[in-house]
Amino acid sequence: MRLAAARLAIEGISHQVDGGRFAAKVVAGQPDLFQADIFSDGHDIIGAALLWRPVGQEDFAEVPMTFVINDRWQASHAFDAPGDYQIGFAAWRDLFATWRKEILAKHAAGQAISLELTEGRRLIEAAMGPKGRGGADDRAALEAVLAQDDGLAAQGDAARLAALTDDQVTALMNRAAPRTDLTLSDTLPLHVDRQAAAFSAWYELMPRSQSGSMDRHGTFDDVIARLPYVRDLGFDVLYFPPIHPIGRTNRKGPNNSLTAGPGDPGSPYAIGSADGGHDAIHPELGDFDDFRRLIDAARDHGLEIALDFAIQCSPDHPWIREHPEWFDWRPDGTIKFAENPPKKYEDIVNVHFYRDALPGLWYALRDIVLFWVNHGVRIFRVDNPHTKPFPFWEWMIAEVRRVDPGVIFLAEAFTRPKVMKRLAKVGFSQSYSYFTWRNEKAEITEYLTELTQTDSRLVMNPNFFVNTPDINPRYLQSSGRPGFRIRLALAATLGGNYGVYSGFEICEAAPVPGKEEYLDSEKYQLRVWDMDQPGNIQDDIRLMNRLRRDHPALRQFTDLTFHVAHNDQVLAYGKRSGDDYVLIHVNLDPHNTQVFQFEVPLWEFGLPDDASIEVRDLIHGNSFTWHGKTQTLDLDPQTRPYAIWQLIAPGAPRP
């Protein structure tokens, strides 16, 4: 009977998303802890293993699992390469281990064990039989064990017992013995991302604003000249809004004006003109040879280029003429421009994904992404993915990853929580988040706890952008330079991924009155920036990115613990990786000095409350000792609104 064969229970699997409908995510080269509840009837000793294989491979590899507590088992494993995998769990009754435990207990109690020794021999003989799992060498070794047992018969049961329960014999039986009542869990999907999906620092700029002059449109060569600056700040991803030809019909003017002058560049999100569509480059930026030089130069500077994948089209896009069935047309024969009532976007129109657009549009969009992958782009920020069908994203992302499993997709989806989570499930590597609007201690704590401690951690890699071309947060509009430093510190140390939009480093915050939008936004006009002007926070950015690179603890998103700071304006938290423990304090009030007591997490090191611990100030570089759990600190937002410490575990190597 099939039911009788599954004697052991395998439940509570850690990496199971919606019953296996979607893949959980891990990072290549980074050990992850796989857990399950495994138990059976009776008191027999159980063996268990994590099973894994790349999709398309027939045989599973296995990793032994260890018992934790209360029927919880776990195995740590790091996958070498990104891609799609399958995992499962195996459990069995380990008859030899059970026999070994029981016979040793009986012997220690002075009971007779002759019959039990015979039972042990039979278990060894079974391992040598057709159901045994060992090879020829293991069978030969087991024959030697039995021969040794025969030779010890004259010396008595104690000598035989010592030989048959020897650790080497136990290890041999672990390899070779049949797995009695072997029970397998269902196979589950697992996606392994490359490291940049979980740990990256993004810098966003508009290529057309890099010329240094309001009279000249920027080019890819101008961007190449800016690469040393971006890399010096410590970023590893350089992200561009769309670089495609911009339409002229209904082109927007400065500050989203409905009337554009002859020299106005328009919004880069109005994609498509007589010069081409999504597989073309805006002529004023350069050509594909220039773009290839940019890709190569960025790589030489340790930077990876990310492109915007925005599916909307200008009314001048070639697709409207070539594929009218992909668009919505009004009863009067005009094409319907995009809108989110009462907002209207007169310079763009949207495709639809079903009716006569299926499957042609789906293939075309997939091929556009692969087109840019072939030109060296492996990271895409996707504009408004929540307004496109989930099945399309699930199909398209899987199709692209069959070609290159290391392609990363960032979902720009400031939308409802369940929708954001679904996008992560269907394949998006990263997601924008609500961090941009979480400013108070309680709401930051609640939100980060949700992201790091619930099942969201299995699928979502949030990217904590502090600002974007579309979002000039109200907090930054009113907080001055201290507020920019506060938000930077939070994003860089709380998040595995974070990003800034050009101008953040000079605390640019001039808003359209009453809106979370930038005045004179470079979405609609060229801008000239002096990033070295007084009051810039470049040094803060360099510090954060250096600490992120130097400290493994800051590369771990989910290993986050909030600590006690007796002040509602101060956020205290720690991150740990091995011996590296980083403790952070941030004054959330950009206007006032905050004095507070806080708790040193001595318990994290197994120390009592009155113990001492060595501390290194990671901002200034000096070392000292904290005595006792309770300490006092003040943070002045005008001088430095944050403090970052490394706690040195007793006996750990000194930095």
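Residues numbered from 1 in each chain as written. Predicted model: local features only at pLDDT ≥ 70, side-chain atom pairs only at ≥ 80, totals over all residues. Heavy atoms only, no water.

Looking at an unreviewed UniProt entry, one finds the protein chain named Alpha-1,4-glucan:maltose-1-phosphate maltosyltransferase and attributed to Paracoccus haeundaensis. The record in UniProt for the protein chain states the following under Sequence similarities (unreviewed entry): "Belongs to the glycosyl hydrolase 13 family. GlgE subfamily." (UniProt positions renumbered as here; feature names shortened; annotations may be inferred.)

Draft legend 1. Structural view of the packing of helix H11 (residues 390-403) against helix H12 (residues 417-426). In the contact formed by H11 and H12, the axes pass within 9 Å of each other and the chain directions differ by 30°. One way to sum up the angle between H11 and H12 is to call them roughly parallel. Classified by chirality, the crossing of H12 by H11 is right-handed. Together, Phe390, Trp393, Glu394 and Ile397 of H11 and Val419, Arg422, Leu423 and Val426 of H12 make up the contact between the two elements. Looking at the contact of H11 with H12 residue by residue, the class counts come to six nonpolar, no polar and two charged. (Axes fitted to C-alpha atoms, helices over the stretch in contact; angles between N-to-C directions. Helix = DSSP H or I, 4+ residues; strand = E, 2+ residues; numbered from the N terminus. Parallel < 35°, antiparallel > 145°, perpendicular 65-115°, else oblique. Left-handed = near helix turned anticlockwise from the far one by under 90°. Contact = heavy atoms within 4.5 Å. Nonpolar A, V, L, I, M, F, W, Y, C, P; charged D, E, K, R; others polar.)

Draft legend 2. Spotlight on the UniProt feature "binding site: alpha-maltose 1-phosphate" (unreviewed entry) in the protein chain. The positions UniProt marks with the feature "binding site: alpha-maltose 1-phosphate" (unreviewed entry) are Lys252, Gln312, Asp347, Asn384, Lys523 and Tyr524. Within the annotated group just given, the residues that line the largest pocket are Lys252, Gln312, Asp347, Asn384, Lys523 and Tyr524. Looking at the element boundaries, Asp347 is found in strand E15 (residues 343-349). Structurally, Asn384 can be placed in the loop between strand E16 (379-383) and H11. (1 Å grid on protein atoms, 1.4 Å probe; cavity = no way out; pocket = protein on both sides within 12 Å on 5 of 7 lines; lining within 4 Å.)

Draft legend 3. Structural detail: the UniProt feature "active site" (unreviewed entry) in the protein chain. The positions that UniProt labels "active site" (unreviewed entry) are, in the present scheme, Asp383 and Glu412. For the annotated residues, spread through 30 residues, the largest C-alpha to C-alpha distance comes to 5.4 Å, consistent with a single compact locus. The annotated residues contributing to the lining of the largest pocket are Asp383 and Glu412. For Asp383, the position within the fold is in strand E16. Judged by relative accessible area, Asp383 falls into the buried class, the value being 6%. If we skip the residues at most four places from it in the chain, Asp383 touches Tyr269, Asp308, Phe309, Ala310, Gln312, Lys388 and Glu412. Side chain to side chain, Asp383 and Gln312 meet in a polar contact 3.3 Å long. As for its position among the elements, Glu412 is in strand E17 (residues 408-412). Excluding residues within four positions of it along the chain, Glu412 makes contact with Arg381, Val382, Asp383, Asn384, Pro385, His386, Tyr432 and Asp470. Within the local environment of Glu412, its side chain forms a polar contact with the backbone nitrogen of Asn384, the two atoms lying 2.8 Å apart. (Buried < 20%, exposed > 50% of the residue type's maximum accessible area, 1.4 Å probe, protein only. Polar contact = N/O pair within 3.5 Å; in protein donor to acceptor, adjacent residues only side chain to side chain.)

Draft legend 4. Local environment of the sheet that holds strand E3 (residues 32-39). What the four strands build is an open sheet, ordered E1-E3-E7-E6; its pairing is antiparallel. With one partner strand each, in any of the chains shown, strand E1 (9-11) and strand E6 (66-69) form the two edges of the open sheet. Between one strand axis and the next, the sheet turns by 40° as a mean value, whatever way the strands run. Both E6 and strand E7 (residues 72-77) contribute to a ladder of three bridges, which runs antiparallel. (Pairing = 2+ DSSP bridges.)

Draft legend 5. How the structure looks around the side chain of His278. By the secondary structure assignment, His278 is in the loop between strand E12 (237-240) and helix H8 (288-300). For His278, a relative accessible area of 2% puts it in the buried group. Separated by 2.9 Å, the side chains of His278 and His317 make a polar contact. If sequence neighbours within four positions are ignored, His278 has contacts with His244, Ile271, Ala310, Ile311, Gln312, Cys313, His317, Trp319, Ile368 and Trp372.

Draft legend 6. View of the sheet that holds strand E26 (residues 623-627). Read from one edge to the other, the open sheet built from six strands follows the order E21-E22-E23-E28-E25-E26, with strand pairing classed as antiparallel. Each edge of the open sheet is held by one strand with a lone partner, namely strand E21 (560-563) and E26. Sheet twist, expressed as the average angle between the axes of neighbouring strands with direction ignored, equals 30°. Alignment of E21 against strand E22 (residues 570-577), held across four bridges, turns out to be antiparallel. Looking across to E22, one finds that Leu560 is bridged to Lys575. Sheet strands in contact with helix H14 (residues 474-494) are E21, E22, strand E23 (580-587) and strand E28 (642-648), and its direction is about 30° off that of E22.

Draft legend 7. Spotlight on the packing of aromatic side chains. According to the stated counting rule, one finds 42 aromatic pairs in the structure shown. Arranged with centres 5.5 Å apart and planes meeting at 80°, the rings of Tyr363 and Trp395 form a pair that is edge-to-face. Here Trp395 lies in helix H11 and Tyr363 lies in helix H10 (residues 360-374), a separation of 32 residues in the sequence. For Trp395, a relative accessible area of 23% translates into the label partly exposed. Summarising the aromatic geometry, the rings of Phe409 and Phe428 are spaced 6.4 Å apart at their centres and angled 80° between planes, so their arrangement reads as edge-to-face. Note that Phe409 is positioned in strand E17 and Phe428 in the loop between H12 and strand E18 (430-431), a separation of 19 residues in sequence. We note that Phe409, like Phe428, is buried. Among the aromatic residues, ring-to-ring pairing joins Phe309, Phe353, Tyr354, Trp362, Tyr363, Phe380, Phe392, Trp393, Trp395, Phe409 and Phe428 into one connected group. A cation sits over an aromatic face here: Arg438 above Tyr447, 5.3 Å from the ring centre. Sitting over the face of the ring of Tyr475, Arg487 holds its NZ or CZ atom 5.9 Å from the ring centroid. (Phe/Tyr/Trp six-rings, centres within 6.5 Å; stacked < 30°, edge-to-face > 60°. Lys NZ or Arg CZ within 6 Å of the ring centre and 35° of its normal.)

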